[in-house]
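If you want the building blocks of each chain, they are given just below.
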Amino acid sequence: MSGLTDPSVQDDPFEYYAGRLASCPVWHEDDIDLWVIGGLAEAREALQDVSTFSSTPARSRRASDAQIAHHRTLAEHGWPRQATLQRTDPPVHTRYRKLLNRVFTPAAVRDFTPHIDEIARELVDVIAERGSCEFVADFALPLPGIFIAEQLGLDRADYRRFRRWADAMLALANRPQMSVEEAIAEATIEVEAQHFLADEFDRRRETPGPDLISMLVHAHGDDEEPFTMHELQDLMHQLVTGGFETTTAALSAGMWLLVQHPDQQQLLREQPSLMGNFIEEVLRYDAPVQGLWRQAVCPAHVAGVDIPEGANVMMRFGAANRDPRVFDEPDRFDVTRSNARNHSAFGFGAHFCVGAALARQEMASAFVAILDRFESIELAEPMPDPVHEPSIFLRPMKRLPLRVVPKG
Ligand code: HEM
């Protein structure tokens with residue numbers, strides 16, 4: 001039986017999930033010895049049980065030569081990965097999260113919104129002039145990319161430089177089979193980003209501005225330890241890797257779903273108040289992060305299944321979002337679905353996505369700008385097959401060629 005490592009299952013995993021969920025919400029991927037928690041209730045409970053399912057990197061996993069070379073390059077010339085935030089468990093995690101929660105507040109997202117709207121409208125204007133676009137490269141990548149790049153102190157014109165940095169930061173996770181030479185080359189680019197960021201951290205320590213870097217540097221209270229440079233570097237790596245490709249995937253999935261479901265697009269145009277629910281349904285239907293690792297640090301028993309101590313476990317958000325015990329007709333895309341928001345796309349518990357409100361706002365700004373500007377949007381040419389880049393975690397779309405007709 002094919003499984004999660006099969007590229008065709010990664011491209012369209014939903015039939016596979018349905019088959020698995022029909023027999024049990026927890027299953028074992030035999031070829032990679034991975035336990036998968038795919039039911040929504042089970043994933044929610046397991047994610048909250050941090051004393052059983054740990055986020056710290058598994059010590060048993062042997063590092064590849066590429067990983068060793070990558071680490072050495074960062075250690076010799078920059079700052080090697082340090083376990084902060086997402087790679088820690090409470091109580092260590094709690095300090096990081098408390099300080100980050102002060103940065104990603106609803107008020108901060110409200111303050112950023114006019115600027116996100118402006119970036120979305122500018123990108124849409126360029127597409128309107130041309131009458132066509134490749135949506136991933138022309139919109140879904142630059143919207144979150146320009147926003148983060150500017151927060152880091154780069155000019156908008158430097159967005160390409162930022163993209164190269166972000167690609168380098170994601171390289172090892174996206175291409176685990178890379179050679180030692182490639183790993184060193186990617187780490188060298190990341191070192192360049194780290195030194196740029198180090199200067200920005202120092203600068204904002206002295207002269208804070210209304211940006212994420214300044215907020216991070218100054219997040220601590222009078223009686224709390226500020227983040228060290230090493231911690232700041234690691235946190236920035238997580239914000240870039242956690243916030244860029246995920247948002248790009250969410251924007252691409254939303255657009256792809258609107259094109260595939262003209263009736264739902266029409267409904268959204270007629271009832272703009274459905275925008276919030278549309279966003280939740282996109283995140284439910286096509287979870288940008290399909291799954292993430294944990295390690296069982298003691299024997300666990302989930303849905304009648306024994307998971308042994310030391311097991312690699314994957315919380316499968318993509319499957320949980322199609323759990324038929326929670327969502328009626330889970331494979332139907334329905335912008336009016338009343339419980340769409342009950343999805344697991346941002347995780348649950350201590351590690352619940354710190355950027356969820358920001359991501360939702362980026363999606364809202366994007367789709368309001370798009371539907372306001374274009375009276376029709378359709379595929380410009382047949383979609384490539386497979387539609388997505390292969391990945392066990394994410395579902396990044398390869399490309400999405402569109403033809404658009406601007407209003408009036
Ligand atoms: C649609 C877009 C996004 C999706 C689907 C998404 C998904 C997720 C998920 C599933 C987790 C839980 C990880 C776990 O349990 O181990 C998470 C955590 C996280 N996300 Fe997001 N994310 C998105 C956007 C963002 C943005 C915009 C940022 C920041 C700029 C961000 C930063 C983070 C960070 C730093 C964590 C770790 C939190 C912690 O460990 O306490 N994400 N995200």
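Everything discussed here concerns the structure shown above.
Residues numbered from 1 in each chain as written. Predicted model: local features only at pLDDT ≥ 70, side-chain atom pairs only at ≥ 80, totals over all residues.

Enquirer: For this particular structure, what's the right way to read unusual backbone geometry?
Expert: Glycine aside, negative phi is the norm for most residues, and most peptide bonds take the trans geometry. Looking along the chain, the bond that leaves Pro90 and enters Pro91 is cis, with omega of 10 degrees. With respect to the helices, strands and loops of the structure, Pro91 is situated in the loop between helix 4 (65-77) and helix 5 (92-103). One non-glycine residue with positive phi stands out, namely Asp33, at about 45 degrees. For Asp33, the position within the fold is in the loop between strand 1 (26-29) and strand 2 (34-37). At Leu85, a residue that is not glycine, the phi angle is positive and equals roughly 35 degrees. (Helix = DSSP H or I, 4+ residues; strand = E, 2+ residues; numbered from the N terminus.)

Enquirer: Sorry if this is basic, but what is going on with the site of the ligand here?
Expert: As a matter of local geometry, the ligand sits amid 24 residues, with Gly242, Gly243, Gly347, Cys353 and Gly355 nearest to it. Sorting the residues of the shell around the ligand by element identifies helix 12 (229-243), helix 13 (245-260) and helix 17 (356-373) as the ones contributing at least two each. Sorting elements by how many residues they give to the shell around the ligand places helix 12 first, with four residues. Per-class residue counts for the shell around the ligand are 13 nonpolar, ten polar and one charged. (Near = placed C-beta within 6 Å. Nonpolar A, V, L, I, M, F, W, Y, C, P; charged D, E, K, R; others polar.)

Enquirer: Sorry, what's going on with helix 12 here?
Expert: For an α-helix the count is 3.6 residues per turn, leaving residues at separations of three or four pointing the same way. Taking 1.5 Å of rise per residue, the 15 residues of helix 12 would be expected to cover 21 Å, and the 21 Å separating its terminal C-alpha atoms lies within 8% of that figure. Of the surrounding elements, those touching the buried residues of helix 12 are helix 8 (142-151), helix 9 (159-174), helix 10 (180-206), helix 11 (212-217) and helix 13. (Expected span 1.5 Å × (residues − 1). Contact = placed C-beta atoms within 7 Å.)

Enquirer: I keep staring at the sheet that holds strand 10 (residues 401-406) and nothing clicks. Help me out?
Expert: Sheet strands line up and pair through hydrogen bonds in the backbone, either parallel or antiparallel. Taken in spatial order, the three strands of this open sheet run 4-10-9, and their pairing is antiparallel. One side of each edge strand has no neighbouring strand; the edge strands of this open sheet are strand 4 (132-134) and strand 9 (374-379). Along the sheet, successive strands turn relative to each other by an average axial angle of 25 degrees, direction set aside. One ladder, built from three bridges, connects strand 4 with strand 10; its direction is antiparallel. Within the sheet, the bridge partner assigned to Cys133 lies in strand 10 and is Leu402. (Pairing = 2+ DSSP bridges. Axes fitted to C-alpha atoms, helices over the stretch in contact; angles between N-to-C directions.)

Enquirer: I'm lost on the pairing of strand 8 (residues 312-315) in this one. Help?
Expert: A regular strand places its side chains on the two faces of the sheet in alternate fashion. Inspection of the sheet shows strand 2 paired to strand 8 by four bridges, in the parallel sense. Note on strand 8: the bridge partner recorded for Leu34 is Asn312. In the sheet, strand 5 (residues 292-296) pairs with strand 8 via four bridges, with the strands oriented antiparallel. Opposite Gln295, over in strand 8, you have Asn312 as the bridge partner.

Enquirer: Please explain the pairing of strand 1 as it appears in this structure.
Expert: Where strand 1 and strand 2 come together, four bridges link them in antiparallel fashion. In the strand pairing of strand 2, Trp27 is matched with Val36. With antiparallel pairing between neighbouring strands as the criterion, strand 1 and strand 2 make up a hairpin whose turn holds four residues, including Asp33 at a positive phi of roughly 45 degrees.

Enquirer: When you look at the sheet that holds strand 1 in this model, what are you seeing that I'm missing?
Expert: Here five strands make up an open sheet; going across it, the order is 1-2-8-5-3 and the pairing mixed. Two strands lie at the open edges of the sheet, namely strand 1 and strand 3 (53-54), each paired on one side alone.

Enquirer: So what exactly am I meant to see when it comes to the packing of helix 13 against helix 15 (residues 275-285) here?
Expert: Between two packed helices, both the angle of their axes relative to each other and the distance between the axes serve to describe the pair. Packing of helix 13 against helix 15 brings their axes to within 10 Å, and their N-to-C directions diverge by 105 degrees. Between helix 13 and helix 15, the angle is such that the two are roughly perpendicular. Facing helix 13, whose interface residues are Ala250, Ala253, Gly254 and Leu257, helix 15 presents Val282, Leu283 and Tyr285. Within the contact of helix 13 with helix 15, the residues separate by chemical class into six nonpolar, one polar and no charged. (Parallel < 35°, antiparallel > 145°, perpendicular 65-115°, else oblique.)

Enquirer: How should I be thinking about the environment of Thr56 in this particular structure?
Expert: Position of Thr56 among the secondary structure elements: in the loop between strand 3 and helix 4. Residue Thr56 is classed as partly exposed on the basis of its 14 C-beta neighbours within 10 Å. For Thr56 and Asp202, which are 146 residues apart along the polypeptide, the C-alpha to C-alpha distance reads 29 Å. In this view, Thr56 contacts Ala83, Arg87, Thr88 and Asp89; residues no more than four positions away in its chain are not counted. (Buried ≥ 20, exposed ≤ 12 C-beta atoms within 10 Å, placed from the backbone.)

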